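Remarks on the overall topology
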Amino acid sequence: MPNQTERLTQVFRALSDPTRRAVLKRLSLGPVPTLELARPFGMALPSFTQHLRMLEKFGLVKSRKTGRVRTYVLAPRPLRAAETWMTDQRKLWECRLDQLDAYLLTMKEYDDDKEE
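Below is a summary of the structure that appears in this document. Here the structure is a predicted model, which is why all the values come from computation and not from measurement.

For the rest of this paragraph, the subject is the pattern of salt bridges. In the structure shown here, the tally under the stated rule is one salt bridge. Between Arg-26 and Glu-36 there is a salt bridge; the shortest N-O distance is 3.4 Å. With Arg-26 in helix H2 (residues 18-27) and Glu-36 in helix H3 (residues 34-38), this residue pair connects regions lying 10 residues apart in the sequence. Its relative accessible area of 29% is what places Arg-26 among the partly exposed residues.

Of the strand pairs in this sheet, strand E1 (residues 32-33) and strand E3 (residues 69-74) are connected by two bridges, and their pairing is antiparallel. Residue pairing in the sheet places Pro-33 in a bridge with Thr-71 of E3. Counting the residues that bridge the hairpin from strand E2 (residues 61-66) to E3 gives two residues, and of these Gly-67 lies at a positive phi of roughly 65°.

Attention now goes to the side chain of Thr-49. Structurally, Thr-49 can be placed in helix H4 (residues 45-57). Residue Thr-49 is classed as buried on the basis of its relative accessible area, which comes to 17%.

With antiparallel pairing, the three strands of this open sheet are ordered in space as E1-E3-E2. Both outer strands of the open sheet, E1 and E2, are each paired with one neighbouring strand and no more. Here E2 pairs with E3 via six bridges, running antiparallel. Each residue of the ladder has a partner; that of Thr-66, found in E3, is Val-69. On top of the sheet, H4 reaches E2 and E3; it is set at about 115° to E2, its chief contact.

Let's shift gears to the packing of H2 against H4. Running from N to C, H2 and H4 cross one another at 70°; their axes reach a closest spacing of 10 Å. Looking at the two axes, H2 sits roughly perpendicular to H4. Where H2 crosses over H4, the handedness of that crossing is right-handed. Two secondary-structure elements touch here, H2 through Thr-19, Arg-20, Val-23 and Leu-24 and H4 through Phe-48, His-51, Leu-52, Met-54 and Leu-55. Split into classes, the residues belonging to the contact of H2 with H4 amount to six nonpolar, two polar and one charged.

Cut-off values and rules
Residues numbered from 1 in each chain as written. Predicted model: local features only at pLDDT ≥ 70, side-chain atom pairs only at ≥ 80, totals over all residues. Heavy atoms only, no water. Salt bridge = Lys/Arg side-chain N within 4 Å of Asp/Glu carboxyl O. Helix = DSSP H or I, 4+ residues; strand = E, 2+ residues; numbered from the N terminus. Buried < 20%, exposed > 50% of the residue type's maximum accessible area, 1.4 Å probe, protein only. Pairing = 2+ DSSP bridges. Contact = heavy atoms within 4.5 Å. Axes fitted to C-alpha atoms, helices over the stretch in contact; angles between N-to-C directions. Parallel < 35°, antiparallel > 145°, perpendicular 65-115°, else oblique. Left-handed = near helix turned anticlockwise from the far one by under 90°. Nonpolar A, V, L, I, M, F, W, Y, C, P; charged D, E, K, R; others polar.

Here is the structure:
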């Protein structure tokens, strides 16, 4: 079982590919059978299903087979974990940049006072 850091790495690895991001975007509208999901991408089905396998392996999608049709559905939980991580990083960097801004303003005021 991968730890939290490994799972986050897997999510970002899956999101690094534009095809996989487009698949997730399409699945955000609801479940889709494999052939319908593959149609807009213009690639061989075996190549496309490799993307689906990676998304499923990393927990971003789930599939079920009914007869000969496999249907995929979005599994948003790992995406929420990535969103939380990015939000935490944004807060951290906003704080650091605010501190830098305050420091630079202090330095500017100090330089202005020295010139007078």
